[in-house]
Amino acid sequence: IFSTVFMNLFTPYVYKSLSEKTSGVFFKELMPVYVGIFLPLVMYYSVFSGIICSILLAKEYSSWHFILPCISLGYFFVCLANFPEMIIRFEKPKFVPIGYGGALVLNIILNAILIPRFNIMGAAIGTAASYFFVLVYFSLIAKTKSISYFFTSKKKVNLLFLIPVTECIVYQFIIKQKFSIKPPFCVVLAVLMAASYFLPYLYYYFVRNKRFTQLFEEKNR
């Protein structure tokens, strides 16, 4: 849901940059924002998968919460792949079905190998791996494989990733192991952890970083 909202919000600007042949510069500004929002979100989903599924799903389904991290990571890959895919659709559209066709074949092969051994987790791993293949393939074809397309050049901003990494490690291996936290308090803890990262991150990009906001103001003129 969040990925769809993000893509719908910025898609008009993406197509504008493609038509003006400035997508390379534009994507180096926008793609790191996507990574900065959704990669930590995958981390939080991973460590809080049990509580998320127990709230949103029926009991017979919530017991499969351990596949949520893998599924979330897979969707992170395929949504990130949408950016180079847009470039390919403009410049080399015939390569788009080849990429998805390759992912389909890979998924079938991985399912045949992994499902008998790992059951439903094997299917989740196969899906995530196939989506990662799509990301790598489209990035190579669109020439967006440089690290500058995925992470900002601002070292202080990249250091913010240490917040969710540290929080998730501490929660998973210390707090979760030593304390029994009831669901309501667990939800509060999850919100506080997420806020400790997203508030400074979003503040930087949408308040402090004038270069990023001006990029969209210029597109509106």
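Above this text you will find the structure in question.
Report on the accompanying structure. (Residues numbered from 1 in each chain as written. Predicted model: local features only at pLDDT ≥ 70, side-chain atom pairs only at ≥ 80, totals over all residues. Heavy atoms only, no water.)

Phe6, Leu30, Leu80 and Phe83 are the most contacted members of the largest nonpolar core, which totals 57 residues. Per-element tally for this core: the top contributor is helix H2 (residues 23–47), with 14 residues. Apart from residues no more than four positions distant in its own chain, Phe6 is found in contact with Leu30, Val33, Tyr34, Ile37, Phe38 and Phe83. (Core = buried A, V, L, I, M, F, W, Y, C linked by side-chain atoms within 4.5 Å. Buried < 20%, exposed > 50% of the residue type's maximum accessible area, 1.4 Å probe, protein only. Helix = DSSP H or I, 4+ residues; strand = E, 2+ residues; numbered from the N terminus. Contact = heavy atoms within 4.5 Å.)

Take a nonpolar patch on the surface next. Taken together, the side chains of Ile55, Leu56, Leu57, Tyr61, Val187 and Val191 define a hydrophobic patch exposed on the protein surface, amounting to about 610 Å² of accessible area. Contributions of two or more residues to the nonpolar patch are made by helix H3 (49–56) and helix H11 (183–208). Within the fold, Val187 resides in helix H11. Accessibility expressed as a relative area gives 32% for Val187, which makes it partly exposed. (Patch = residues over 30% accessible without salt bridge, like charges linked within 9 Å, V, L, I, M, F, W, Y side chains within 5 Å. Areas by Shrake-Rupley, 256 points an atom, 1.4 Å probe, with all protein chains shown as cover. Salt bridge = Lys/Arg side-chain N within 4 Å of Asp/Glu carboxyl O.)

Another point: the packing of helix H1 (residues 2–19) against H2. One way to put it is that H1 packs onto H2 with a least axis distance of 11 Å and a crossing angle of 175°. As summarised for this structure, H1 and H2 are arranged roughly antiparallel, according to the angle between their axes. Of H2, the residues touching H1 (which contributes Phe2, Ser3, Phe6, Phe10, Tyr13, Val14, Ser17 and Leu18) are Ser23, Phe26, Phe27, Leu30, Val33, Tyr34, Ile37, Phe38, Leu41 and Tyr45. Grouping the constituent residues of the contact of H1 with H2 by class yields 15 nonpolar, three polar and no charged. (Axes fitted to C-alpha atoms, helices over the stretch in contact; angles between N-to-C directions. Parallel < 35°, antiparallel > 145°, perpendicular 65-115°, else oblique. Nonpolar A, V, L, I, M, F, W, Y, C, P; charged D, E, K, R; others polar.)

Moving on to unusual backbone geometry. Positive phi, close to 60°, is recorded for Lys21, a residue that is not glycine. Looking at the secondary structure, you find Lys21 in the loop between H1 and H2. At Asn119, a residue that is not glycine, the phi angle is positive and equals roughly 60°. Positionally, Asn119 belongs in the loop between helix H7 (95–118) and helix H8 (120–142).

The next point concerns empty space enclosed by the protein. Scanning the model with the defined rule gives one cavity of 30 Å³ or more in all. If you add up the space inside the largest cavity, you get close to 40 Å³. Taken together, Pro32, Gly36, Phe150, Phe151, Thr152, Val157, Asn158, Phe161, Tyr201 and Tyr205 make up the lining of the largest cavity. Going through the elements one at a time, H2, helix H9 (155–158) and H11 are the ones with two or more residues in the lining of the largest cavity. For the lining of the largest cavity, a count of residues per class yields seven nonpolar, three polar and no charged. (1 Å grid on protein atoms, 1.4 Å probe; cavity = no way out; pocket = protein on both sides within 12 Å on 5 of 7 lines; lining within 4 Å. Points joined across faces, edges and corners; volume = space filled by probe spheres on them.)

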